[in-house]
2 protein chains.
Amino acid sequence: MGDDEAALALAHLTTGIYVLTARDGETRHGMSSSWVTQVSGAPPLLSAAVGARHATHALIVASGGFAINVVGARGRGLEDFFYSPAAQVADNLAGFACDPSPAGLPYLREAMASFECRVVAQHAVGDRSLFIAAITDVVVREPDRPLTSLDLEYVYVGRVVPHPIPR
Amino acid sequence: MGDDEAALALAHLTTGIYVLTARDGETRHGMSSSWVTQVSGAPPLLSAAVGARHATHALIVASGGFAINVVGARGRGLEDFFYSPAAQVADNLAGFACDPSPAGLPYLREAMASFECRVVAQHAVGDRSLFIAAITDVVVREPDRPLTSLDLEYVYVGRVVPHPIPR
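Parameters at a glance
- Residues numbered from 1 in each chain as written.
- Chains lettered and ligands numbered in written order.
- Predicted model: local features only at pLDDT ≥ 70, side-chain atom pairs only at ≥ 80, totals over all residues.
- Heavy atoms only, no water.
- Helix = DSSP H or I, 4+ residues; strand = E, 2+ residues; numbered from the N terminus.
- Rg over C-alpha atoms; globule rule 2.2 N^0.38 Å.
- Buried < 20%, exposed > 50% of the residue type's maximum accessible area, 1.4 Å probe, protein only.
- Contact = heavy atoms within 4.5 Å.
- Lys, Arg positive; Asp, Glu negative; His and termini not counted.
- Charge placed at Lys NZ, Arg CZ, Asp CG, Glu CD.
- Polar contact = N/O pair within 3.5 Å; in protein donor to acceptor, adjacent residues only side chain to side chain.
- Pairing = 2+ DSSP bridges.
- Axes fitted to C-alpha atoms, helices over the stretch in contact; angles between N-to-C directions.
- Arc of directions from axis to C-beta.
- Least-squares fit on C-alpha atoms with pLDDT ≥ 70 in both.
- Phe/Tyr/Trp six-rings, centres within 6.5 Å; stacked < 30°, edge-to-face > 60°.

Trainee: Please provide a residue-by-residue account of the overall build of chain A, values included.
Mentor: A count of helical and extended segments in chain A gives three helices and 11 strands. Of the regular secondary structure in chain A, the N- to C-terminal order runs α-β-β-β-β-α-β-α-β-β-β-β-β-β. A compact globule built from 167 residues would reach a C-alpha radius of gyration of about 15 Å, and chain A, at 15 Å, matches this within 12%. C-alpha atoms of chain A, sized along the principal axes, occupy 45 × 35 × 35 Å. Counting over 167 residues, chain A shows a buried share of 57%. The long-range share in chain A, meaning contacts at least 24 apart out of those at least 6 apart in sequence, stands at 63%. Side chains of chain A carry 12 positive and 17 negative charges; the gap between the two charge centres is 2 Å.

In structure tokens:
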């Protein structure tokens, strides 16, 4: 099994498209994130895999929390921005309307839903940290269709590859 | 935040639709599984959250492996069966064409892709075990569109709820 063969297969795993946001004091940051999933029903827990080189990683570790913002079709501009090199700046949330979650995490108003998450465990998995988190608040906004990896021309499998599914 | 409010929000997390299969000696079993995601790029690792009450859980623990079979639109019958009470029988793979993976795990021929996975870590997360697994083999079959939680009338958020996204 070669790397390219593995990448092609991994592109068949469909994910939602999310912007993970974090804040520690006056510092806040967001990142495009697709390796997010529910991992427990009762209590409801989410997992998010985050690379240590991302600015958000340090904010999550320092604050013990993060928010997951679900990108819908009407909010596609969020993915277009956070996927782009333009997002590699200090306060990359400055151009977006944010509401503070109860714990003060940035909820993106353009997202169709947002979760406030409190880290309950952190595991080293390969080249990422896997954060396991309790859900402490949710917001669901206007109805929209969640954007998924099938809606994009590219897919992230550790590196970005063209999406192999015909459209 | 009430349970119903949390469930509604969780239904906005889109997943692929998979059948997780496992085998230990002569015993094999499959289960509908949606809480599966990539969690590392290099090496490529997957996570799968599995309830201890599932027959597959014991097989994964005993054998140290499992397979993930990606359900595509043409393979929807797989989801219809493994989601149903009819799947609650001893050898629930008996009615399906299977090929053995290199390690002898059941690959479902009706799936559009299959992964052979070797467990490298197991973490207790809420009401599940979270298995972290290395990918040891992949198969990609005829092109198809992966089925997602947005294609189904229901969505699993720890319990089954009607899918809230208009279609």
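Trainee: Please set out the environment of A:H29 residue by residue, giving values where relevant.
Mentor: All names here are of chain A. The residue H29 is located in strand β2 (residues 27-33) in this model. Overall, H29 belongs to the buried group, its relative accessible area being 11%. Measuring from C-alpha to C-alpha, the distance between H29 and P106 comes to 8.7 Å, with 77 residues separating the pair along the chain. Sequence-distant contacts of H29, defined by excluding residues within four places in its chain, comprise L20, T21, A22, A55, T56, L59, A87, V89, A90, N92 and L93. A distance of 3.5 Å separates polar atoms of two side chains, one belonging to H29 and the other to N92.

Trainee: For the sheet that holds strand β1 (residues 18-24) of chain A, give the residues involved together with the corresponding values.
Mentor: Residue and element names in this part refer to chain A. In spatial order, the strands read β2-β1-β5-β8-β9-β4-β3; together these seven strands make up an open sheet with antiparallel pairing. The outermost strands of the open sheet, each flanked by one partner alone, are β2 and β3 (36-40). Strand after strand, the sheet turns through a mean of 35° between neighbouring axes, direction not considered. Pairing of strand β5 (residues 65-70) with strand β8 (residues 113-125), which is carried by six bridges, proceeds in the antiparallel orientation.

Trainee: An account of helix α2 (residues 55-63) of chain A is needed here, citing residue identities and associated values.
Mentor: Residue and element names in this part refer to chain A. Within α2, the full set of buried residues consists of T56, H57, L59 and I60. Viewed end-on, α2 has its buried residues packed into an arc of 165°, placing them on one side of the element. Exposed residues on α2 whose side chains face more than 90 degrees from its buried face are A58 and A62. On its buried face, α2 sits against β1, β2, β4 (45-50), β5, β8 and β9 (128-140). Of the residues flanking the end of α2, it is G64, one or two places downstream, whose phi is positive at about 75°.

Trainee: Describe the relation of the copies chain B and chain A, naming the residues involved and giving the relevant values.
Mentor: The two copies are related by a screw operation: chain B maps onto chain A through 180° of rotation and 0.0 Å of translation along the axis, at an RMSD of 0.0 Å. One copy is carried onto the other by what is essentially a two-fold rotation axis. Relative to the rotation axis, the C-alpha of B:T15 is the closest in chain B, positioned 2.6 Å from it. Both copies present the same face, since 100% of the interface residues in chain B are matched by interface residues at the equivalent positions in chain A.

Trainee: Pulling in residues and values, what's your account of the sheet that holds strand β4 (residues 45-50) of chain B?
Mentor: Spatial ordering of the open sheet is given by β2-β1-β5-β8-β9-β4-β3 (chain B), a layout of seven strands whose pairing is antiparallel. Edge positions in the open sheet fall to β2 (27-33) and β3 (36-40) of chain B, since each of these has one partner strand only. On average, each strand axis in the sheet is tilted by 35° relative to the strand beside it, whichever way the strands run. The pairing of β3(B) with β4(B) spans four bridges and is classified as antiparallel. Bridge assignment links B:Q38 to a residue of β4(B), and that residue is B:L46. Along the sheet face, helix α1 (residues 3-10) of chain A touches β3, β4, β8 (113-125) and β9 (128-140) of chain B and points at about 120° away from the line of β9(B). Where helix α2 (residues 55-63) of chain B meets the sheet, its contacts fall on β1 (18-24), β2, β4, β5 (65-70), β8 and β9 of chain B, and the angle it forms with β1(B) comes to roughly 55°.

Trainee: If you had to explain the packing of aromatic side chains to someone new, which residues and values would you point to?
Mentor: All names here are of chain A. Evaluation of the coordinates by the stated rule reveals 10 aromatic pairs over all chains. Measuring from centroid to centroid gives 4.9 Å for F81 and F82, while their planes differ by 90°, and the two rings are edge-to-face. Classification of F81 as partly exposed rests on a relative accessible area of 21%. Each member of the aromatic cluster is reached from another via a ring pair, and the members are F81, F82 and F96.

Trainee: For the pairing of β9(A), give the residues involved together with the corresponding values.
Mentor: Residue and element names in this part refer to chain A. Here β9 lies mainly inside the structure; 10 of its 13 residues are buried. Pairing between β4 and β9: six bridges, direction antiparallel. Bridging across to β9, V50 finds its partner in S129. Relative to β9, β8 runs antiparallel, the two being bridged by 12 bridges. Looking at the pairing, R118 lines up with A134 of β9. Between β8 and β9, which pair antiparallel and follow one another directly, the connecting turn spans two residues, one of which, G126, has a positive phi of 55°.

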